[in-house]
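Overview (structure and organization)
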Amino acid sequence: MTKTEIPVAPRERALRNQIATIEKDSGAKAIAVALHDLETGFELHYHADRWFHAASTIKVPILLGAFAAIDRGDLLPHSRVHVRNRFLSVVEDIPFRVDSSRDANSAVHNAIGKMMRVDELAYHMITTSSNLATNLLLGVIGTAAINQTLRELDVEDGIELKRGVEDELAFEKGINNMVTADGLLRILVMLAEGKAFSPALSRRMMDILHAQEFNQGIPARLPKGARVAHKTGEISTVAHDAGAVYLPKRKPYALVILTEWDPAASGRSRTIATISHAIYEFLTLGPPDE
């Protein structure tokens, strides 16, 4: 063993090998996994510093930014936002719209011309991944303010928030929101520990994440008693899930699974669920160093 190598316990090595086998068998172009168990302190970082297109997982740091504004008093949960569907691209401020046929949520589109509360927009942004709600919150808070929040909380590493969603001109120029598994993990651990602003605000954010409606990834193969506060993200080339898993009679664990695929590939959610199940078995079969 060289001086730079860190000893790996046999069970951890077996888990890493298991994830590598799942990755190979799945046909994915790349998989990254980051894990922190609040019960034991055990951590796993499997390609966790690799950058991926964030897809909708970028909505987790945006949620954090929204609640930072609430914590500062710049916004209230019941502050009202005018619902519109016109935004400016980061490329030359060219206007664009969120395509309602591609958005997972119709409630926010149905409210165009009316007002919605900040907490409603945050709820729709996470639970049904509303892109319109996301861009409305970004318009109120600003990407610069959210990035400043990430720096102040020391969770900016591994998170690159550059634009709103469905900014096709930016996408064509390679200007994308990017994340690493470690970057998202730091935010989720902070939320699970109740250290984001205050325990009360952390709980409110976790309550929103618990209401997630897309559960084919991390939660899919967990036992019925498991509760998962999480955010998914998927576009043609990536599929992700990131959240905190709550099991009876133990502290939660934070888990991020990022995957990249050829556009025509299948089995994305199944692969994430398989890795999640492997992590669950690893943590519940016994102490990580056994």
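Right above here is the structure, for reference.
Owing to the predicted nature of the structure, the values given are computational and were not obtained by experimental measurement. (Residues numbered from 1 in each chain as written. Predicted model: local features only at pLDDT ≥ 70, side-chain atom pairs only at ≥ 80, totals over all residues. Heavy atoms only, no water.)

Before going further, it helps to spend a moment on helix α8 (residues 181-192). With 12 residues, α8 ought to run about 16 Å at 1.5 Å a step, and its terminal C-alpha atoms sit 16 Å apart, in line with that. By the criterion of burial, α8 is predominantly enclosed, with 11 of the 12 residues buried. Listed in full, the buried residues belonging to α8 are A181, D182, G183, L184, L185, I187, L188, V189, M190, L191 and A192. (Helix = DSSP H or I, 4+ residues; strand = E, 2+ residues; numbered from the N terminus. Expected span 1.5 Å × (residues − 1). Buried < 20%, exposed > 50% of the residue type's maximum accessible area, 1.4 Å probe, protein only.)

This part is about the side chain of E166. If you trace the backbone, E166 turns up in the loop between β8 (159-160) and α7 (168-172). Of the side chains with opposite charge, R102 comes closest to the buried, unpaired E166, at an N-O distance of 4.2 Å. Polar side-chain contacts of E166 include one of 2.9 Å to the side chain of N131. Here E166 is in contact with F96, R97, V98, D99, R102 and N131, once residues within four sequence places are set aside. (Lys, Arg positive; Asp, Glu negative; His and termini not counted. Salt bridge = Lys/Arg side-chain N within 4 Å of Asp/Glu carboxyl O. Polar contact = N/O pair within 3.5 Å; in protein donor to acceptor, adjacent residues only side chain to side chain. Contact = heavy atoms within 4.5 Å.)

Pairing in this open sheet of 3 strands is antiparallel, and the strands run β3-β9-β8 from one edge to the other. Of all strands in the sheet, those with a lone pairing partner are β3 (52-53) and β8, marking the two edges. As judged from the 2 bridges shared by β3 and strand β9 (residues 178-179), these two strands associate in the antiparallel manner. Bridge pairing in β9 links F52 to V179. (Pairing = 2+ DSSP bridges.)

What follows deals with the packing of helix α2 (residues 59-72) against helix α5 (residues 131-141). In the contact formed by α2 and α5, the axes pass within 10 Å of each other and the chain directions differ by 45 degrees. As far as their axial angle goes, α5 and α2 are oblique. Crossing handedness for the pair α2 and α5: left-handed. Across the interface between the two elements, K59, I62, G65 and A66 of α2 pack against N131, T134, L138 and I141 of α5. (Axes fitted to C-alpha atoms, helices over the stretch in contact; angles between N-to-C directions. Parallel < 35°, antiparallel > 145°, perpendicular 65-115°, else oblique. Left-handed = near helix turned anticlockwise from the far one by under 90°.)

The next thing to look at is the pairing of strand β1 (residues 30-37). In terms of residue burial, β1 counts as a mostly covered element, since 8 of its 8 residues are buried. The two faces of β1 match: A30, A32, A34 and H36 on one face and I31, V33, L35 and D37 on the other face are all buried. With 8 bridges connecting them, β1 and strand β12 (residues 253-260) associate as antiparallel partners. Pairing of V33 across the sheet is with I257, part of β12.

The next subject is the pairing of strand β2 (residues 43-46). In β2, alternate side chains face the same way, and those of L44 and Y46 are buried while those of E43 and H45 on the opposite face are not. Relative to β2, β1 is paired through 4 bridges, and the arrangement is antiparallel. Along β2, the bridge assignment pairs H36 with E43. Linking two consecutive strands that pair antiparallel, namely β1 and β2, is a turn of 5 residues; a positive phi of about 85 degrees is found at G41 within it.

A positive phi angle is found at D93, which is not glycine, with a value near 55 degrees. In this structure, D93 sits in the loop between β5 (87-88) and β6 (95-96). The class of D93 is exposed, set by a relative accessible area of 53%. Unusually for a residue other than glycine, E166 sits at a positive phi of about 65 degrees.

On the secondary structure map, D167 appears in the loop between β8 and α7. Within the structure, D167 has its side chain in polar contact with the side chain of S89 (distance 2.7 Å). Excluding its chain neighbours within four sequence positions, the residues that come into contact with D167 are S89, V90 and F96.

This model, assessed by the stated rule, comprises 2 aromatic pairs. For the ring pair F42 and F282, a centre distance of 5.0 Å and an interplane angle of 45 degrees mean the geometry is tilted. Pair noted here: F42 is in the loop between β1 and β2 and F282 is in helix α10 (residues 268-284), with a separation of 240 residues, a long-range link. When its relative accessible area of 9% is taken as the criterion, F42 is described as buried. Aromatic pair F87 and F96: ring centres 6.0 Å apart, planes at 45 degrees, arrangement tilted. Like F96, F87 is buried. Residue placement shows R50 over the ring face of F52; its charged tip is 4.5 Å from the ring centre. (Phe/Tyr/Trp six-rings, centres within 6.5 Å; stacked < 30°, edge-to-face > 60°. Lys NZ or Arg CZ within 6 Å of the ring centre and 35° of its normal.)

Don't take any of this as a statement about function, it's just geometry.
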